[in-house]
Structures are given as structure tokens and as C-alpha cells.
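Chains, contacts and geometry: an overview
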Amino acid sequence: MTVALIWAQGNDRAIGRDNTIPWRVPEDARHFRDLTRGHRVVMGRRTWDSLPERFRPLPDRVNVVLTTDRTWSSPGAVVAHDLPEALGGDETVMVMGGSQIYDAAMTFADVLHVTEIDVDVDGADAHAPEINPSRWVATTHGEWQESTSGLRYRFLDYRARPDAPTATPPTS
Ligand SMILES: NC(=O)c1ccc[n+]([C@@H]2O[C@H](COP(=O)([O-])OP(=O)(O)OC[C@H]3O[C@@H](n4cnc5c(N)ncnc54)[C@H](OP(=O)(O)O)[C@@H]3O)[C@@H](O)[C@H]2O)c1
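Anyway, here's the lowdown on the structure attached to this text.

Analysis parameters
- In every chain, residue numbers begin from 1 and rise along the written sequence.
- The predicted origin of the model limits local features to residues at a pLDDT of at least 70 and limits the giving and counting of side-chain atom pairs to 80 or more, whereas totals for whole chains, interfaces and linings rest on all residues.
- Only hydrogens and water are set aside; all other atoms, that is, all heavy atoms of the structure, feed into the side-chain values.
- It suffices for a single heavy atom of a residue to lie within 4 Å of a molecule or strand for the residue to be listed as near it.
- Any pair of nitrogen or oxygen atoms within 3.5 Å is treated as a polar contact; in protein, a donor-acceptor pairing is required on top of that, and neighbouring residues in sequence qualify only through side-chain atoms on both sides.
- Exposure was quantified through the Shrake-Rupley algorithm and a 1.4 Å probe, taking into account, for residues, occlusion by the shown protein chains and nothing else.
- The secondary structure listing takes helices from DSSP runs of H or I that are at least 4 residues long and strands from runs of E that are at least 2 residues long, numbered from the N terminus.
- Under the scheme applied here, ten amino acids are nonpolar (Ala, Val, Leu, Ile, Met, Phe, Trp, Tyr, Cys and Pro), four are charged (Asp, Glu, Lys and Arg), and all others, including Gly, are polar.
- Contact between two residues is taken to exist if any of their heavy atoms lie within 4.5 Å; hydrogens are not considered.

1. Section: the site of the ligand
- The immediate surroundings of the ligand are formed by 26 residues, with R46, T47, T67, T68 and S99 found nearest.
- Take G98: an N or O atom from its main chain is 3.0 Å from an oxygen atom of the ligand.
- Here the ligand has 940 Å² of accessible area as a free molecule, and 85% of this is covered by the chains.
- Of all the secondary-structure elements, those providing two or more residues to the shell around the ligand are strand 1 (2-9), strand 2 (14-16), helix 2 (45-50) and helix 4 (99-105).
- If you tally residues by element for the shell around the ligand, the top one is helix 4, at 4 residues.
- Tallied by class, the residues present in the shell around the ligand amount to 10 nonpolar, 12 polar and 4 charged.

Structure (C-alpha cells):
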């Protein structure tokens, strides 16, 4: 199994404010769609709630939603109550946030797909994990590009260093 985390971060690792993503970069939305299509995606209940109803479940993907609430359900969501159950046994599972779920999944991650967006987010209340260079090596270091939104963005991929400790996802 490969555990990949995918996120877009503004300056200072901001990823959200008031349970929304505080920018719109269509090129990143396409990138996200291309990388996640056909895979299991894992998200926290708050991120599920943040998706407009007409966009969920995300098509062509199994949408797994983590919640501690045993009574929670939502049309199109596959509910999981702990991370091992959520990650499942797929070849590649894509963890798509938010910050609580990235923090929990980081120790199991093999790959990170990070979009950097050159934007300051006042009042950000959700942040991406830190990428420690002793554990992660960049495999793609894209050039800055300009979005049709006017914001600059670039794509980075990281792979866990072979000698770095990566936890094996426990089985539930
Ligand atoms: N920029 C990006 O790439 C990106 C991507 C995704 C999300 N976001 C943003 O991130 C923010 C949301 O992040 P967040 O950290 O507030 O919420 P979150 O991680 O999306 O969801 C948190 C919820 O997940 C459940 N949960 C967390 N850990 C769990 C565990 N170990 N077992 C079972 N359930 C667990 C809990 O749900 P219950 O309360 O139901 O128990 C918890 O309240 C929003 O602003 C969103 O727009 C940004």
C-alpha cells in the first residue's frame, strides 16, 4: 500500500479558514482531480462538510470520511472511525485533509503531493504539517507558474527517504 497525502498550502502553511479553502486556483483543482481519480480518498468529517453538496461525493473515487461519531452518515460517504480502517488495503490511498487528518496520517505517509500557493491568508485556522527534510526528499520541484486567478503556484512532490522511519499502518 502507498499512503499519499495531498494538499495545497498558502504562505506559512495555511490550508484553511472558517472550514473553507481561502483561494481558488483552477489549475490546482485539476491537478488534485488528476492525481486522486480512481483512488480511495480519505478525509475528515469537517472537510467533507466543507464540500458543497453538489460536489460530493467526489466522483470516480471512493470517499472515506473519518468521524468519531458512530451515528454519523451522509449520502455517498464511506464512514470510518479510525485511521487504519480509513486507509484500507488499497494500492494507493490519497489522504486529502484537513489538518487533523494530515497530522494523524503523516507518520504513515510514503508520498506527499504539495501545491504551494503564494498567498497570505489572514486568520488561517488550519495548517499543513511541517515537512522535515531529514525524512522527506523532493522528487518534483516545479517552477512557479501563474494561475488564471492571478496567484502564483507550484507543484512539489516528496518521497520518504528510504532510511527514514515510516510507520506501517496498523491493521484495524
Ligand atoms: N488546502 C487544502 O489542501 C485543504 C484540504 C482539505 C481541507 N482543507 C481545509 O482544512 C480545514 C478542515 O480541517 P480540520 O483539521 O478542521 O478538520 P478535518 O481534519 O477535515 O476533520 C476533523 C474531523 O475528523 C474527525 N477525526 C479526526 N481525527 C479522527 C480520528 N483519529 N478518528 C476518527 N475521526 C477523526 C473528527 O470528526 P467528528 O468531529 O465528526 O468526530 C474531526 O472533527 C478546512 O478549512 C478545509 O477547507 C484544506
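Having put the structure on the table, let's press on.
2. So, the side chain of R154
- Along the chain, the position of R154 falls in strand 11 (residues 152-160).
- In this structure the side chain of R154 is engaged in a polar contact, spanning 2.8 Å, whose partner is the side chain of E116.
- When sequence neighbours within four positions are dropped, the list of residues in contact with R154 reads V114, T115, E116, H141, G142, E143 and W144.

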